[in-house]
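Spelled out, the chains give:
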Amino acid sequence: MSPEAHSAPRSLAEALRARDDASLAALLRSRPDLITPVPTDLTQLATRAGTRASVLRALERLDRFALQTAEALAVAPDPASYATLLGLMAGDAGDEQVAGALPRAVATLREQALVWGGDDRLRLVRTARELLAPAPQHPSPTGLGPSVQEATAGMSPGRIQEIVTSAGLPSTHDSVSAAAALTALFSHRKKMAKLLAGAPEAAREVLSRLVWGPPYGQVTADPAAHLRWLLDRGLLLPTAPGTVVLPREVALHLREGRAHRAPEPLPPAVAPGAAHSRQVVDATAAGQAYTALATVEELLKDWDEGGPAVLRAGGLSVRDLKRTAVALDVSEPVAAFWTELAYAAGLIASDGEADERYAATPAYDEWLEMPPAVRWGLLAQAWLTATRAPGLVGGRDAKDRTLSALGPGLDRSAAPEVRHRVLVLLAGLPQGTAPDAGSVLERLHWERPLRGAERPEGDDLRSRLARWALSEAELLGVTGRGALSGHGRALLGAAADASAAGGPKSGAATGSGAASGSASASAEPAGPGDKLPVHHHRAPDRPATLSAAERAAATAAAVRLLAPLLPEPLDHVLLQADLTAVAPGPLRRPLADTLGVLADVESKGGATVYRFTPASVRRALDAGRTAADLHAFLTEHSRTPVPQPLAYLIDDVARRHGHLRVGAASAYVRCDDDALLNEILADKRAAALRLRRLAPTVLAAPVDPAALLEGLRTMGYAPAAESAEGDVLITRAHAHRTPPRTAPEPVPDGPPPPDTTLLSAAVRAIRAGDLAATAPRKPVGEPLAGGDLPRTSSAETLATMQAAVLTGESVWIGYVNAEGAASQRVIAPVRVEGGFVTAYDHTADEVRTYPLHRVTGVAELADD
């Protein structure tokens with residue numbers, strides 16, 4: 001027996017103990033749930049790694065081929081050799097691609113602590129075997145059924161002997177040996193071929209229908225002759241009255257040794273679609289990026305004085321979402337996306353008042369003052385990291401309640417990693433090339449196959465998130481014409497390079513040693529005894545974790561690339577004789593703000609068309625502008641002469657503006673022209689206002705001033721409100737802001753990935769705790785009742801501690817803290833004085849001070 005066989009690990013804990021620190025850190029990085037909280041030692045780490053919840057999470061993060069490898073190990077003998085596993089994956093005929101990719105898959109399973117043991121004794125973690133092995137309650141993805149040993153467990157000894165005899169085998173003394181004889185027969189290729197050669201054609205047809213699963217079938221109480229032939233020879237075994245199963249060994253023979261019908265060792269390539277020049281893609285994306293900024297700004301301007309009310313359950317009502325969609329001139333799903341994006345960026349929130357409404361946050365005002373490219377960078381980074389999925393709006397939750405925009409229930413922890421992975425896949429294509437959307441979904445399915453999904457493939461959550469990511473990236477200007485733009489590529493930063501280096505593309509099985517991480521993999525991929533190193537690579541669909549500084553650097557790089565592509569704001573418009581103004585491009589903010597008050601937007605696009613109306617001009621006059629101000633403004637900012645109709649419109653509205661004055665009586669109207677007041681009183685449309693004359697130049701009404709103003713304006717007049725002092729009131733829009741709000745935090749998919757500092761500290765702590773738990777100790781006196789802590793007298797404890805200070809040796813102590821919790825520790829005493837011992841605690845990996853009266857006892861460590 002080789003020395004390696006003598007040192008073979010007997011448990012997962014021993015296998016972890018044999019790993020180096022880098023390998024342990026890779027395990028904790030890939031399975032961050034194992035580090036929360038930090039395990040006390042390697043035994044606890046192994047126990048936690050074998051829990052059902054943790055194993056399920058680890059299996060869900062495997063790519064398709066690694067999962068197929070785990071499924072094959074679940075139907076293989078326990079333990080199984082590497083050669084046996086290769087046979088199950090590649091079949092009797094062999095497969096070069098499978099043979100080349102299998103070392104990587106096994107290394108991945110080892111790194112994830114789902115498989116342990118050497119090549120001659122590969123063991124799948126027990127919980128993973130229970131989850132993946134065939135069972136009536138959850139059929140195996142391989143389509144295989146139970147083994148002969150499992151299927152005959154409840155069969156009578158007489159019936160088993162009958163089957164053995166009918167199969168041409170000598171009878172045995174017990175059921176166990178009979179089942180073993182059948183297993184040996186069904187696993188022997190030549191003997192099975194000879195047995196099946198005499199099968200009726202109908203019997204072979206039955207086997208062909210069951211071979212790839214499901215392996216169960218129904219039979220009557222009096223089966224047909226060809227079924228009887230199969231039952232008599234154990235090629236079909238009864239599992240329940242009227243139900244039979246195809247034994248695993250028989251199915252594997254019919255499959256020529258393959259556990260899967262179609263092993264998928266290589267990730268499907270992302271197929272290129274339409275190709276465009278880099279300049280066209282960047283220009284298109286930049287144009288859409290500017291449109292995104294304008295849309296978000298328009299949304300917030302619409303909600304500037306206070307937006308829609310917050311539903312009792314949270315979120316926007318369907319009516320408010322429709323109104324927002326009409327205001328933005330987009331569909332409702334797109335309106336939900338822009339609303340959610342502004343929310344994720346921290347630009348809108350609820351105001352928290354009694355009649356709670358959505359409104360812009362103070363951060364919106366700061367955002368408006370930033371350069372356009374910087375504003376886009378903030379939106380893009382918020383989209384890339386947000387866990388909220390706007391595409392779910394309008395759907396139903398688990399309780400059949402409608403999911404509303406800005407409401408609860410829209411967080412999906414997988415959303416950021418799917419967005420990130422989609423963009424990384426796009427980055428892998430030649431610049432300017434758009435992908436085929438179907439191939440992107442196929443690649444994502446390979447990288448994260450569905451397990452127990454309720455929806456069919458293509459309609460699962462990850463597929464929908466991927467489709468939404470493609471459309472949202474186009475809306476936001478990250479992509480242009482379907483291809484990743486230059487600034488979109490920069491937005492991924494180092495994360496794109498890291499993911500590409502750690503994904504299947506770099507580790508794809510090509511039959512080379514580099515693919516598996518072993519130099520001998522290509523020469524002897526199936527050689528037992530070849531020690532396969534742990535393959536340290538990041539899961540392909542897990543986004544690389546960037547620090548805040550790295551994210552800021554990536555965003556800054558994207559901003560620098562985008563800034564020259566954005567259109568320069570204009571300081572002029574083109575006035576036309578039909579009372580319209582054409583803005584041939586984006587306008588500078590003061591011009592756009594003033595023009596937005598003076599005119600109404602008639603159409604948007606590459607050029608914005610504004611229309612001047614009496615109501616819009618009156619709105620500008622109400623805001624404190626005079627007719628002279630408006631004429632000067634238009635003359636200054638128009639490249640064409642001010643049309644005469646527009647000048648007449650301004651003068652006419654200004655002449656009548658304020659001629660009537662409305663104040664509070666409840667409300668009154670005063671005018672120096674008593675003939676005009678007579679005209680109003682005689683107008684039948686004024687009946688609802690219930691006006692009456694107080695003086696030749698004053699009318700009063702029992703309605704509030706706002707209603708009186710609106711009523712007179714409806715009648716075609718241009719009244720102005722006045723203050724108690726008789727001055728004209730200037731009415732500007734009041735910007736409503738929420739109190740300071742922070743952007744919503746993404747909902748993580750489990751514990752966040754640990755950083756390097758935490759990993760290093762965790763590995764040191766686990767190693768130290770393992771040393772304390774496994775260090776050999778010299779025999780001590782009487783142990784504590786119900787425990788294994790040492791117990792020594794106070795004098796003996798003090799003497800041993802003082803001796804350890806002089807010799808510099810470590811000792812093992814029992815310690816009870818202030819809460820009464822007992823623990824064992826390995827310490828190296830440095831100083832003993834004043835009733836305290838100061839020592840380096842190997843368990844905690846730090847220097848600590850312990851009261852001697854809390855030390856239950858002390859023992860020296862064994863020399864070994």
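Given the structure is predicted, the values throughout are model-derived calculations rather than measurements.

### A look at the overall build of the chain
Counting secondary structure elements, the chain contains 37 helices and 25 strands. Within the chain, buried positions represent 48% of all 864 residues. The contacts of the chain with a sequence gap of at least 6 include a subset with a gap of at least 24, amounting to 67%. As presented, the chain carries roughly 39800 Å² of accessible surface, and 55% of it is formed by carbon and sulfur atoms.

### Here's the deal with the nonpolar core
Nonpolar side chains in soluble globular proteins tend to end up buried together. Counting 93 residues, the largest nonpolar core has L28, L45, F186, L235 and L236 as the members making the most contacts within it. No other element matches helix α6 (residues 64–75), which puts 8 residues into this core. Grouped together as the second largest cluster of nonpolar side chains are 69 residues, L300, A373, L379 and A466 included.

### Topic: helix α24 (residues 461–476)
With 16 residues, α24 should cover 22 Å at 1.5 Å per step; its first-to-last C-alpha distance of 22 Å lies within 8% of that length. Along α24, the residues classified as buried are R462, S463, R464, L465, A466, W468, A469, E472, A473 and L476. Two or three places before R462, at the opening of α24, D460 has a side-chain oxygen 3.2 Å from that residue's backbone nitrogen.

### Considerations on the pairing of strand β25 (residues 855–860)
Among the 6 residues of β25, 5 are classified as buried, and the element is accordingly described as predominantly covered. Pairing analysis gives 5 bridges linking strand β21 (residues 811–816) to β25, with the strands arranged antiparallel. Bridged to V811 within β25 is E860.

### A look at the sheet that holds strand β24 (residues 846–851)
Backbone hydrogen bonds hold the strands of a sheet together, and the pairing may be parallel or antiparallel. The strand order across the open sheet built from 5 strands is β24-β23-β22-β21-β25, with neighbouring strands paired in antiparallel fashion. Edge positions in the sheet fall to β24 and β25, since each of these pairs with one other strand and no more. Going across the sheet, the axis of each strand differs from the next one's by a mean of 45°, ignoring polarity. As paired elements, β21 and strand β22 (residues 822–833) share 6 bridges and run antiparallel to each other. From the neighbouring strand, W812 faces β22, where its bridge partner is V826.

### Observations concerning the pattern of salt bridges
Across all of its chains, the model carries 36 salt bridges by this definition. A salt bridge links R159 to E162; its shortest N-O distance comes to 3.2 Å. With R159 and E162 both in helix α11 (residues 157–166) and 3 residues apart, the pair spans about one turn of that helix. For R159, a relative accessible area of 22% gives the class partly exposed. Judged by relative accessible area, which is 46%, E162 ranks as partly exposed. When salt bridges that share partners are traced, they join R61, E417, R448 and R462 into one network.

### Details of the packing of helix α22 (residues 415–427) against helix α23 (residues 437–447)
Direction vectors running N to C along α22 and α23 enclose 120°, while the axes themselves pass 11 Å from each other. Between α22 and α23, the angle is such that the two are oblique. Taken as a pair, α22 and α23 cross one another with a handedness that is right-handed. Along the contact surface, α22 presents R421, V422 and L425, while α23 presents V440, R443, L444 and E447. For the contact of α22 with α23, the class distribution of residues is 4 nonpolar, no polar and 3 charged.

### Topic: helix α8 (residues 96–111)
A rise of 1.5 Å per residue sets the reference length of α8, with its 16 residues, at 22 Å; its end C-alpha atoms lie 24 Å apart and thus fit the reference within 8%. In the structure, α8 departs most strongly from a straight axis at L102, where the bend amounts to approximately 35° and where the proline P103 lies between one and four residues downstream. Of all 16 residues in α8, 14 are buried; the element is thus mostly enclosed. At the N-terminal end of α8, a side-chain oxygen is found 2.9 Å from the backbone nitrogen of Q97, two or three residues along, and the residue is D95. Positive backbone phi, approximately 60°, marks A113, located one or two places after α8.

### Considerations on the packing of aromatic side chains
Going through the model one piece at a time under the given rule, you end up with 4 aromatic pairs. Summarising the aromatic geometry, the rings of F337 and W338 are spaced 4.9 Å apart at their centres and angled 55° between planes, so their arrangement reads as tilted. F337 gets classed as buried once you look at its relative accessible area, which sits at 4%. Since its relative accessible area comes to 2%, W338 is described here as buried. The ring of W367 is capped by R375, whose NZ or CZ atom sits 5.0 Å from the centre of that ring.

### What to know about the environment of R401
Turning to its location among the elements, R401 is positioned in the loop between α21 (372–385) and α22. In this view, R401 contacts G395 and R396; residues no more than four positions away in its chain are not counted.

### Here we look at the sheet that holds strand β4 (residues 237–240)
Pairing in this open sheet of 3 strands is antiparallel, and the strands run β3-β5-β4 from one edge to the other. In this open sheet, the two strands that pair with only one neighbour each are β3 (216–218) and β4. On average, each strand axis in the sheet is tilted by 40° relative to the strand beside it, whichever way the strands run. Note that β4 and strand β5 (residues 243–245) share 3 bridges and pair antiparallel.

### Quick notes on the confidence of the model for the chain
Per-residue confidence for the chain gives a mean pLDDT of 83, with 87% of residues at or over 70. By mean pLDDT, the top-scoring element of the chain is helix α19 (residues 332–344) (95), and the lowest-scoring one is helix α28 (residues 513–516) (31). The low-confidence segment residues 1–6 (pLDDT under 50) makes 1 contact with residues lying over four places distant or belonging to another chain. Counting interchain partners and residues more than four positions distant, the pLDDT-below-50 stretch residues 780–787 has 8 contacts.

### Details of the environment of L86
Note that L86 resides in helix α7 (residues 82–90). Among the residues examined, L86 registers a relative accessible area of 13% and is labelled buried. As for L86 and P103, which are separated by 17 residues in sequence, their C-alpha atoms are 9.6 Å apart.

### Observations concerning the side chain of T800
You can see T800 is positioned in helix α37 (residues 794–807). Of the polar contacts made by the side chain of T800, one reaches the backbone oxygen of E796; its length is 2.8 Å. Apart from residues lying up to four places away in sequence, T800 is in contact with V811, V858 and E860.

Reading the values: the criteria
- Residues numbered from 1 in each chain as written.
- Predicted model: local features only at pLDDT ≥ 70, side-chain atom pairs only at ≥ 80, totals over all residues.
- Heavy atoms only, no water.
- Helix = DSSP H or I, 4+ residues; strand = E, 2+ residues; numbered from the N terminus.
- Buried < 20%, exposed > 50% of the residue type's maximum accessible area, 1.4 Å probe, protein only.
- Contact = heavy atoms within 4.5 Å.
- Areas by Shrake-Rupley, 256 points an atom, 1.4 Å probe, with all protein chains shown as cover.
- Core = buried A, V, L, I, M, F, W, Y, C linked by side-chain atoms within 4.5 Å.
- Expected span 1.5 Å × (residues − 1).
- Polar contact = N/O pair within 3.5 Å; in protein donor to acceptor, adjacent residues only side chain to side chain.
- Pairing = 2+ DSSP bridges.
- Axes fitted to C-alpha atoms, helices over the stretch in contact; angles between N-to-C directions.
- Salt bridge = Lys/Arg side-chain N within 4 Å of Asp/Glu carboxyl O.
- Parallel < 35°, antiparallel > 145°, perpendicular 65-115°, else oblique.
- Left-handed = near helix turned anticlockwise from the far one by under 90°.
- Nonpolar A, V, L, I, M, F, W, Y, C, P; charged D, E, K, R; others polar.
- Bend = angle between axes of the 7 residues up to and from the residue.
- Phe/Tyr/Trp six-rings, centres within 6.5 Å; stacked < 30°, edge-to-face > 60°.
- Lys NZ or Arg CZ within 6 Å of the ring centre and 35° of its normal.
- pLDDT = per-residue confidence, 0-100.

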